[in-house]
Amino acid sequence: MLEVVLPEKSYEIVIKRNSLEQISEWIGGLWGNKKIAIISDTNVFPIYGEQIQKQLEATYEVVHYVVPAGEKSKSLEMAAVLYDFLAEEQFTRSDGIIALGGGVVGDLAGFVASTYMRGIAFVQIPTSLLAQVDSSIGGKTAVNGPKAKNMIGTFAQPDGVLIDPETLQTLPEKRIQEGIAEIIKCGAISDKSLWDDLAAYTGIADLVAHSEAVIEKALRVKKKVVEEDQYDNGSRLLLNFGHTIGHAIENTAGYGKISHGEAVAIGMVQISRKAEARREMPEGITAQIIAMNQKYHLPTAYTPWQEDELFQAITHDKKARGQNLKIILLEKIGQAKVQTIPIKEMNDYLKEGD
């Protein structure tokens with residue numbers, strides 16, 4: 001178990017196999033008498049939702065809303081639908097939301113919880129590897145805008161996070177791969193021992209067999225920077241390694257056409273390759289990232305590569321501040337730095353080839 005300790009709020013992260021079977025006990029330790037809304041999607045709710053609702057109904061009044069699976073649900077339009085649902089169910093500021101699903105559900109449900117009636121309680125129960133190692137902690141909630149991913153959002157911390165690694169057994173390999181991309185990032189920016197673990201595992205199945213330890217190491221990286229920089233102004237930016245270009249790829253491809261993890265994997269390779277060419281990173285790091293991506297069946301390039309469209313997407317990214325952009329580069333595997341560049345220089349990092 002980990003604890004995220006912040007000035008105004010702290011909360012625990014439980015990482016335990018088969019912990020969904022004790023969901024009622026866990027919720028009971030966090031919340032008293034509440035009305036609860038489970039927000040999930042069409043992939044996850046049929047697998048876990050009914051059993052969770054049945055457990056909770058012994059103590060709580062429980063309702064649920066199931067959104068269509070996929071990135072398109074992470075929108076203001078879907079948030080409005082959920083506001084209406086909560087209002088119709090007469091939810092008040094004394095009630096709470098369970099976000100049950102992957103990153104889309106976690107971001108959407110967290111955003112709705114943080115804005116409905118100026119904020120009601122919520123917990124995260126992430127069921128994808130990507131959500132378990134990344135989006136479920138740290139308090140970032142968001143929906144996508146027409147110009148950029150996660151453009152409309154809030155900082156709102158959950159009351160708790162429950163991670164059951166057994167949920168990975170129901171995921172297709174492609175969904176596990178996108179979570180591995182974020183784990184590779186965590187090792188690259190802050191934890192050489194995690195990187196070495198990834199190098200030692202024989203492949204995806206071996207990593208999943210060690211998922212409790214892998215998830216905990218990845219979350220320790222995120223926990224540390226969230227505690228240092230809750231609102232993303234300093235060291236927390238290190239978590240964006242590969243993301244500036246990755247988000248632009250997602251945006252220009254059309255949300256859902258390429259997964260977040262795949263886009264981040266490509267983004268890590270592209271930014272590193274160009275930084276090496278500019279002598280801003282030591283030689284050889286890009287080759288290590290490429291090899292690690294290939295080991296876990298992640299892409300290292302994207303076609304069609306459209307520099308102009310990618311640049312336009314980046315200028316609308318929330319990481320752009322004034323005429324400058326903060327990018328993340330590696331000093332070595334396990335250590336990263338924030339570098340500020342004029343936005344126009346980003347064109348150089350977007351050029352294909354060496």
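Residues numbered from 1 in each chain as written. Predicted model: local features only at pLDDT ≥ 70, side-chain atom pairs only at ≥ 80, totals over all residues. Heavy atoms only, no water.

**Notes on empty space enclosed by the protein**
Logical step 1: Scanning the model with the defined rule gives two cavities of 30 Å³ or more in all.
Logical step 2: Approximately 70 Å³ is the volume attributed to the largest cavity.
Logical step 3: Every residue lining the largest cavity is counted, 13 residues in all, and those nearest its centre are Asn 240, Gly 242, Thr 244, Ile 271 and Ile 328.
Logical step 4: Class assignment for the residues of the lining of the largest cavity results in six nonpolar, five polar and two charged. (1 Å grid on protein atoms, 1.4 Å probe; cavity = no way out; pocket = protein on both sides within 12 Å on 5 of 7 lines; lining within 4 Å. Points joined across faces, edges and corners; volume = space filled by probe spheres on them. Nonpolar A, V, L, I, M, F, W, Y, C, P; charged D, E, K, R; others polar.)

**Things to note about the nonpolar core**
Logical step 1: Ranked by size, the top nonpolar core spans 76 residues in total, and within it Tyr 296, Leu 330 and Met 346 carry the most contacts.
Logical step 2: Here this core spans two domains, and each of domain 1 (2-168) and domain 2 (173-350) adds at least three residues to it.
Logical step 3: Beyond its immediate sequence surroundings of up to four residues, Leu 330 is in contact with Ala 188, Ile 189, Phe 241, Met 281, Pro 282, Ile 285, Ile 289, Gln 335 and Ala 336.
Logical step 4: Counting 23 residues, the second largest nonpolar core, distinct from the first, contains Ala 79, Val 105, Leu 108 and Phe 111. (Core = buried A, V, L, I, M, F, W, Y, C linked by side-chain atoms within 4.5 Å. Buried < 20%, exposed > 50% of the residue type's maximum accessible area, 1.4 Å probe, protein only. Domains from an automatic or database assignment. Contact = heavy atoms within 4.5 Å.)

**Here's the deal with the layout of surface pockets**
Left-over empty space is what a probe sized like a water molecule reveals as it rolls over the atoms.
Logical step 1: In this structure, the second largest pocket occupies an estimated 210 Å³ of space.
Logical step 2: Contributing to the lining of the second largest pocket are Met 1, Glu 12, Val 14, Lys 16, Ser 19, Gln 22, Glu 25, Trp 26, Leu 30 and Leu 162.
Logical step 3: Mapped by element, the contributors of at least two residues to the lining of the second largest pocket are β2 (10-15) and α1 (23-30).
Logical step 4: Among the elements that make up the lining of the second largest pocket, the one with the highest residue count is α1 (three residues).
Logical step 5: Tallied by class, the residues present in the lining of the second largest pocket amount to five nonpolar, two polar and three charged. (Helix = DSSP H or I, 4+ residues; strand = E, 2+ residues; numbered from the N terminus.)

**Notes on the pairing of strand β4 (residues 61-67)**
Logical step 1: By the bridge criterion, seven bridges tie strand β3 (residues 35-41) to β4 in an arrangement that is parallel. The residue bridging Ser 40 from the neighbouring strand is Val 66, located in β4. (Pairing = 2+ DSSP bridges.)

**So, the domain arrangement of the chain**
Logical step 1: The domains assigned to the chain are domain 1 (2-168) and domain 2 (173-350).
Logical step 2: One C-alpha centre belongs to domain 1, the other to domain 2; they are set 25 Å apart.
Logical step 3: Summed over both partners, the interface of domain 1 with domain 2 comes to about 3,200 Å²; 62% of that surface belongs to carbon and sulfur atoms.
Logical step 4: Counting across the interface, domain 1 meets domain 2 through two salt bridges.
Logical step 5: Among the ionic pairs, Arg 17 bridges to Glu 212, the shortest N-O distance being 3.2 Å.
Logical step 6: Inspection of the domain 1/domain 2 interface yields nine residue pairs in polar contact (both at pLDDT 80 or more).
Logical step 7: If you tally residues by element for the side of domain 1 that touches domain 2, the top one is helix α5 (residues 129-135), at six residues. (Buried area = accessible area lost by both parts, 1.4 Å probe. Salt bridge = Lys/Arg side-chain N within 4 Å of Asp/Glu carboxyl O. Polar contact = N/O pair within 3.5 Å; in protein donor to acceptor, adjacent residues only side chain to side chain.)

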